[in-house]
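# Coordinates in review
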Amino acid sequence: MEDFNWMIGGPQGSGVDTAANIFGKTCGYGGLYVYGRREYHSNIKGLHSYFHLRISPTEVLANVNDVDLLAAFDAETVFRHIGEVSEGGGIIVDENQVNTRLGDVPSLPKEFKSDFSKHLENKGLKDGLNDLLEDAERRGVKVFRVPYTVLLEQVSDRLGMEKLSRATQMINTLAVGISFGLLNYEITLIERAVKAVFAEKPNIAEMNLLAIKHAYNYANETFEKMLKYASPETSVEEERIFLSGNQAVAIGKVLGGCRIQTYYPITPAADESIYLEAHEILETVNPDLKVGVIVIQTEDEIAAINMASGAALTGARASTSTSGPGFSLMVEGLSWAGNNEVPIVLTYYQRGAPSTGLPTRHGQDDLRFAIHGGHGEFPRIVLASGDIKECFYDAVTAFNYAEIFQMPVIHLIDKALANSSQTYSRFDIKDVKIQRGDILKEPMFTGEGFKRFAFTETGISPRVLLGTKNGVHWYTGDEHDEFGHISEESDLRIKMMEKRMGKLETVDKIVSISERVNFFGDHEARNMIVSWGSPKGAIIEALNKLNHEDSSLGFLQIRMVHPLPSRQITEVLKNAERIIDVEMNYSSQLAGILAEKTGISADFQILKYSGRPMTTTEVYNALKLILSGRAPKRQVLTYGS
Amino acid sequence: MVLRSTDFKTDVFVDWCPGCGNFGILASLQMALAELGLESHNVVIVSGIGCSGKVPHFVKVYGVHTLHGRTLPFAQGIKISNPELEVIAVGGDGDGLGIGVGHLVNAGRRNVDMVYLIHNNGVYGLTKGQASPTLRLGLKVKAIPKPNISEAINPIMLAISAGYTFVARSYAYDVKHLKEVIKQAIQHKGLALVDILQPCPTYNDLYTKEWFAGEDRVAGTGKVVPRLYKLEEVGFDPDVHDLEEEFAKKIAAIEKAREWGDKIPIGVFYRNDLIPTFHERITKRIPYYLDNPPAKQKISDEKGAPIAHIEEFFKELRIT
């Protein structure tokens, strides 16, 4: 079986996510790997959203450009995505809507309409949906015109529903049923998925199952099947999970001992906190140990970070999660935590910026902001996860670093990781360790108080938690002495700055390089890719394909973006003929930082700032162009609606 | 062991202006801690920015001097993580009612069992005397070039509307009264706010010690008539005895809080023990919370292996 790309689209609120969830689970139960990308507007109901699922018998790490089967139940989905459907692929469309014209779709923005009209004019096409569909058929796309209304009426009758409107809510699952009917997929797996998705609502599960089966049978009997994509794998013994970045971070935090999470609602961070709150009571390896995580929704992000700092001073592992606008509000608190050597973890989900920017879309705009945000100079660690699995492990590591080095740790991820979902073998946790750093349980009282900020060689002073007997000490946002009292003395200021900032050198000494960078491909490669964060999956897939085709490429993924392991990076890059920077922002921020810290400049940049993640296809094409010697220094990728 | 207020003094030089109301507040606080027999390591004083922000450095308990306006988020984070600690937040009127007022209001919704002392002197002292949110419309204190153009916030009214379950006022130079009010605030189950009227001898030339003492007002007998009077001495009952009278008690307190000028009430305006604290609310959801709060929870075994069991998560996410 080849890769199969299924896309479902529709107005927000019409169950696109649920449909995708059923589809993905079914494929998973069939032993297939799934990578799912979710795209949505900043809107509750009515604007276009879609889910792109890439399905394969082998592991998938990113999306590609092609769509093999587009499941649409509204006209906008077809207008927006018809160009992505591959030759030999198919489109499921509501037969009642084929006469819709471009101008009839109110939710399509005028920019789209005018661009698309021009595009049609150039191709000599009219702007009716049917004209487009017929054109697609001419290029080998199959169009499945489905009488959704008739099917819904039949389902409604079979369920004995009085109102058709209730059945209309199941149009999303009809699209799932039609899709699986075309694939002739194993029906028992669909049943299992529906029951799992509606686990808490058995009645709804029954209704949806009936609708899916009805549509399945209709498609199976009516249309020519798309069998080249069909079959599930033989049953898989291995335990696999399917999860999003939001979930991976939340579970990582639980494992890592997070006991206080604060947050203010913001996309795409809030789902993590909601998921944590839903699981606030935790099971432990020993049933006598009762633990839990308290999730506090605060009045703003300022409260969120400062409440987390307060909690961290008592010894609870505390974190907060936010996105760019929230981080903007947090930076004063971050500066306080840095000055007071407070071990907090801040999970930073980047999205398209500046300002409100693209609130539900992807971006890697904030690398420099995460590294530099906050007034003054203070130490911090910035960890950038490259995929959902790294999100999980890094969530634990972030807490360890925070406590060992007594500084805020920013766990930098993004919308593509937060909202995409991927199949993995169950995460192995046997090597996960909790390291709490130097905490003094029985300090010696000197009379004046405890020297919380005692000068040491590493810059790390033994920590005493609030409430510890004989440990009274102070914290202040002002410059302070070893007890934590305010001091503006210049000599002390110098020593205290050197103590705090010196901890970054300690990080450099203690943390092994394997925790700070990953390397893929050919170590001796002439062409070296450098990147950070979520482009990882697309880069690895493109690199594997190119190296398979006899190219010579290596990929240095930087995970600890601050402090940067400059020495080791220089070693990897210094002999490369071409250095190719790949990242999702306008100004190639990582390349700028590398130039600053290593003196090495990237020769080529592959960038994207459309708000949609990079696909394997476009990274492959861009790299290929560079290897051919015909590429401009800067390529800007644009794929995705 | 009998504690004295001197047990709560640090050797840090107290750098407030001579005659500052903060001296009275500091003394009252240290006396209250001593009289309640609180052990220094079980108390955390959290402050914001401004002259009042320095209070923690002068008291020998755990001290957390935070950011401008952010006293309450830090304090709540500490108390929620470790409910065994006695948490006392202090801040100025600019800190709590200006830059930090969003936290002041939202803290009321949670009713975390702790104390919030507002040093209320009508001016921003440390930045040289600008109008604070409690300075009344049209007043011109000496450092501002024109009379104040904004209305004042009434901390008592605001706290009652926001859900504080103990709301009181006292006066920085009536150390005995203030100490008693602080003790009651500490002993109250729930979030307690004390509005502390405090002269700023350097920048507030209107609400001076003499003005509060009523030295400009002489009765027929030749004696001065103080402006401040004590609610407990006029039979005012601030307590909500039954939830049915909650609203009426709030209205009565707000009515009292309107008094200003010649007659200024101090004492407890409102007290309600019947509202569940944040800790009680959490305990309803997480029953062992108070026995094993976040700050005390074990997170790993002796070998550093995490103790949280994440099998249930994997089960939910399983796809094979």
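What counts, and at which threshold
- Residues numbered from 1 in each chain as written.
- Chains lettered and ligands numbered in written order.
- Predicted model: local features only at pLDDT ≥ 70, side-chain atom pairs only at ≥ 80, totals over all residues.
- Heavy atoms only, no water.
- Helix = DSSP H or I, 4+ residues; strand = E, 2+ residues; numbered from the N terminus.
- Rg over C-alpha atoms; globule rule 2.2 N^0.38 Å.
- Buried < 20%, exposed > 50% of the residue type's maximum accessible area, 1.4 Å probe, protein only.
- Contact = heavy atoms within 4.5 Å.
- Areas by Shrake-Rupley, 256 points an atom, 1.4 Å probe, with all protein chains shown as cover.
- Lys, Arg positive; Asp, Glu negative; His and termini not counted.
- Charge placed at Lys NZ, Arg CZ, Asp CG, Glu CD.
- Buried area = accessible area lost by both parts, 1.4 Å probe.
- Salt bridge = Lys/Arg side-chain N within 4 Å of Asp/Glu carboxyl O.
- Polar contact = N/O pair within 3.5 Å; in protein donor to acceptor, adjacent residues only side chain to side chain.
- Pairing = 2+ DSSP bridges.
- Phe/Tyr/Trp six-rings, centres within 6.5 Å; stacked < 30°, edge-to-face > 60°.
- Axes fitted to C-alpha atoms, helices over the stretch in contact; angles between N-to-C directions.
- Parallel < 35°, antiparallel > 145°, perpendicular 65-115°, else oblique.
- Left-handed = near helix turned anticlockwise from the far one by under 90°.
- Nonpolar A, V, L, I, M, F, W, Y, C, P; charged D, E, K, R; others polar.
- Right-handed = clockwise from strand over helix to strand, strands pointing away.
- Domains from an automatic or database assignment.
- Expected span 1.5 Å × (residues − 1).
- Core = buried A, V, L, I, M, F, W, Y, C linked by side-chain atoms within 4.5 Å.
- Patch = residues over 30% accessible without salt bridge, like charges linked within 9 Å, V, L, I, M, F, W, Y side chains within 5 Å.
- Disulfide = S-S within 2.5 Å.

On to the overall build of chain B, then. Along the backbone of chain B there are 11 helices and 11 strands. Taken against the 2.2 N^0.38 rule, which gives 20 Å for 320 residues, the C-alpha radius of gyration of chain B at 22 Å falls within 12% of a compact globule. Dimensions of chain B, computed from C-alpha atoms along their principal axes, come out at roughly 90 × 50 × 45 Å. For chain B, the proportion of its 320 residues judged to be buried stands at 59%. A sequence separation of at least 24 residues applies to 69% of the contacts in chain B between residues at least 6 apart. Carbon and sulfur atoms make up 56% of the accessible area of chain B, which totals about 12800 Å².

A few words on the overall build of chain A. A count of helical and extended segments in chain A gives 21 helices and 24 strands. For 641 residues, the compact-globule estimate of 2.2 N^0.38 gives 26 Å, and chain A sits close to it at 27 Å. By its C-alpha atoms, chain A is 85 × 60 × 50 Å across when sized along the principal axes. Across the 641 residues of chain A, 63% fall into the buried class. Look at the contacts in chain A between residues 6 or more apart in sequence, and 75% of them connect residues 24 or more apart. For chain A, the accessible area works out to roughly 23700 Å², and carbon and sulfur atoms hold 48% of it. Across chain A, 66 positive and 83 negative side-chain charges occur, with their mean positions spaced 1 Å apart.

This part takes up the interface of chain A and chain B. By a widespread convention, an interface's size corresponds to the accessible area lost as its parts come together. Contacts between the two partners involve 85 residues from chain A and, on the opposite side, 64 residues from chain B. Counting the surface chain A buries against chain B, the share from its top three residues, A:Ile294, A:Glu299 and A:Trp474, is 9%. Linking chain A to chain B there are five salt bridges. Across the contact surface, chain A and chain B share 33 residue pairs in polar contact (both at pLDDT 80 or more).

Below, the discussion takes up the sheet that holds strand E11 (residues 308–309) of chain B. Strand pairing in a sheet is mediated by backbone hydrogen bonds. Such pairs are either parallel or antiparallel. Spatial strand order, E10(A)-E9(A)-E11(B): three strands in an open sheet with antiparallel pairing. In the strand order of this sheet, the two ends are held by strand E10 (291–292) of chain A together with E11 of chain B, each with one partner.

With that settled, consider the packing of aromatic side chains. Evaluated as defined, the whole model comprises 32 aromatic pairs over all chains. Aromatic side chains A:Trp6 and A:Phe23 sit 3.7 Å apart centroid to centroid with 5° between the ring planes, which places their arrangement in the stacked category. Of the two residues, A:Trp6 sits in strand E1 (residues 4–11) while A:Phe23 sits in helix H1 (residues 16–29), which places them 17 residues apart along the sequence. Across the pair, A:Phe23 and A:Trp6 agree in class, each one buried. Seen from their ring centres, B:Trp211 and B:Phe212 are 5.2 Å apart, and the 75° between their planes marks the pair as edge-to-face. For the pair B:Trp211 and B:Phe212, one class covers both residues: buried. The structure contains a cluster of three or more aromatic residues connected by ring pairs, namely B:Tyr171, B:Tyr173, B:Tyr207, B:Trp211, B:Phe212 and B:Trp260.

Further remarks concern the packing of helix H3 (residues 71–81) of chain B against helix H5 (residues 101–110) of chain B. All names here are of chain B. For the pair H3 and H5, interaxial distance at closest approach is 9 Å and the crossing angle is 30°. The angle between H3 and H5 places the two elements in the roughly parallel class. In this structure, H3 meets H5 at a crossing whose hand is left-handed. Two secondary-structure elements touch here, H3 through Leu72, Pro73 and Gln76 and H5 through His103, Leu104, Ala107 and Arg110. Of the residues that constitute the contact of H3 with H5, the class distribution is four nonpolar, two polar and one charged.

Residue and element names in this part refer to chain A. Of all seven residues in strand E12 (residues 317–323), seven are buried; the element is thus mostly enclosed. Neither face of E12 is left uncovered, since the one carrying Arg317, Ser319, Ser321 and Ser323 and the one carrying Ala318, Thr320 and Thr322 both have all their residues buried. Relative to E12, strand E8 (residues 258–263) runs parallel, the two being bridged by five bridges. From the neighbouring strand, Gln261 faces E12, where its bridge partner is Ser319. For the segment spanning E12, helix H13 (residues 324–339) and strand E13 (residues 344–350), crossover handedness is right-handed.

With that settled, the discussion passes to the side chain of A:His485. One can find A:His485 in the loop between strand E17 (474–476) and helix H17 (490–510). We classify A:His485 as buried; its relative accessible area is 7%. In this structure the side chain of A:His485 is engaged in a polar contact, spanning 2.9 Å, whose partner is the side chain of B:His57. Those residues in contact with A:His485, other than ones at most four positions away along the chain, are A:Trp474, A:Thr476, A:Glu479, A:His480, B:Val12 and B:His57.

This part covers the pattern of salt bridges. Enumeration according to the criterion identifies 58 salt bridges over all chains in this entry. In this structure, A:Arg426 engages B:Glu311 in a salt bridge whose closest nitrogen and oxygen atoms are separated by 2.6 Å. Taken as a pair, A:Arg426 in the loop between strand E16 (421–425) and E17 and B:Glu311 in helix H11 (residues 311–317) lie in two separate chains rather than in one. Assessed through its relative accessible area of 29%, B:Glu311 is described here as partly exposed. In this structure, the salt-bridge partner of B:Glu312 is B:Lys315, at a minimum N-O distance of 3.5 Å. Remark: B:Lys315 and B:Glu312 occur in helix H11; sequence separation between them is three residues, near one turn of the helix.

Looking now at the domain arrangement of chain A. All names here are of chain A. By domain assignment, chain A separates into domain 1 (4–229), domain 2 (244–425), domain 3 (438–511) and domain 4 (516–637). Centre-to-centre, using C-alpha coordinates, domain 1 lies 35 Å away from domain 2. With 14 residues of domain 1 at the contact, the number on the domain 2 side is 13 residues. In terms of surface lost to domain 2, no three residues of domain 1 exceed Tyr35, Arg38 and Tyr40, which account for 40% of the buried area on that side. At the surface where domain 1 touches domain 2, the tally comes to two salt bridges. With its nearest N and O atoms 2.9 Å apart, the salt bridge here joins Arg361 to Glu39. If you look at where domain 1 meets domain 2, you find 11 residue pairs in polar contact (both at pLDDT 80 or more). Grouping the constituent residues of the side of domain 1 that touches domain 2 by class yields seven nonpolar, three polar and four charged.

A few words on the environment of A:Glu239. Take A:Glu239: it is sitting in the loop between helix H9 (202–222) and strand E7 (240–244). Taking relative accessible area as the criterion, A:Glu239 reaches 23% and is therefore assigned partly exposed. Taking C-alpha positions, A:Glu239 is 9.5 Å from A:Phe427, a pair spaced 188 residues apart along the chain. Setting aside anything within four residues of it in sequence, one finds A:Glu239 in contact with A:Tyr424, A:Ser425, A:Arg426, B:Phe314, B:Arg318 and B:Thr320.

Turning to the sheet that holds strand E3 (residues 86–92) of chain B, a few remarks are in order. An order of E17(A)-E2(B)-E1(B)-E3(B)-E4(B)-E8(B)-E7(B)-E10(B)-E9(B) is seen for the nine strands of this open sheet, with the pairing classed as mixed. The outermost strands of the open sheet, each flanked by one partner alone, are E17 of chain A together with strand E9 (228–230) of chain B. Neighbour-to-neighbour, the strand axes of this sheet turn through a mean angle of 20°, independent of strand direction. Alignment of E9(B) against strand E10 (residues 264–271) of chain B, held across three bridges, turns out to be parallel.

The subject of this paragraph is the side chain of A:Glu403. All names here are of chain A. With respect to the element layout, Glu403 can be found in helix H15 (residues 388–405). Judged by its relative accessible area of 3%, Glu403 is buried. Side chain to side chain, Glu403 and Arg463 meet in a polar contact 2.9 Å long. Those residues in contact with Glu403, other than ones at most four positions away along the chain, are Gly315, Arg317, Pro343, Gln435, Arg436, Gly437, Ile439 and Arg463.

All names here are of chain A. In this model, H9 (21 residues) spans 30 Å end to end at C-alpha, consistent with the 30 Å of a helix rising 1.5 Å per residue. Along H9, the residues classified as buried are Ala205, Met207, Asn208, Leu209, Ala211, Ile212, His214, Ala215, Tyr216, Ala219 and Asn220. Taken together, the buried residues of H9 touch H1, helix H5 (148–158), helix H6 (164–168), helix H7 (171–183) and helix H8 (187–197).

Now for the nonpolar core. Core analysis: the largest hydrophobic core is formed by 99 residues, its most contacted members being A:Leu466, A:Ile558, A:Leu573, B:Val64, B:Ile80 and B:Tyr164. Take this core: its biggest share by element is seven residues, from helix H12 (residues 301–313) of chain A. When residues no more than four places from it in sequence are discounted, the contact partners of B:Ile80 are A:Ile260, A:Ile294, A:Ile296, B:Val112, B:Phe278, B:His279, B:Ile282, B:Tyr289 and B:Pro294. Among the nonpolar cores identified, the runner-up in size contains 54 residues, and A:Trp6, A:Val34, A:Val146 and A:Met170 belong to it.

Attention now goes to a nonpolar patch on the surface. Judged by side-chain polarity, A:Tyr586, A:Tyr609 and A:Val636 come together as a nonpolar surface patch covering roughly 300 Å² of accessible area. Using a relative accessible area of 55% as the deciding quantity, one classes A:Tyr586 as exposed.

In this structure the tally under the stated criterion is zero disulfides over all chains. Among the cysteines around B:Cys51, which has no disulfide bond, B:Cys20 carries the closest sulfur, lying 6.2 Å off.

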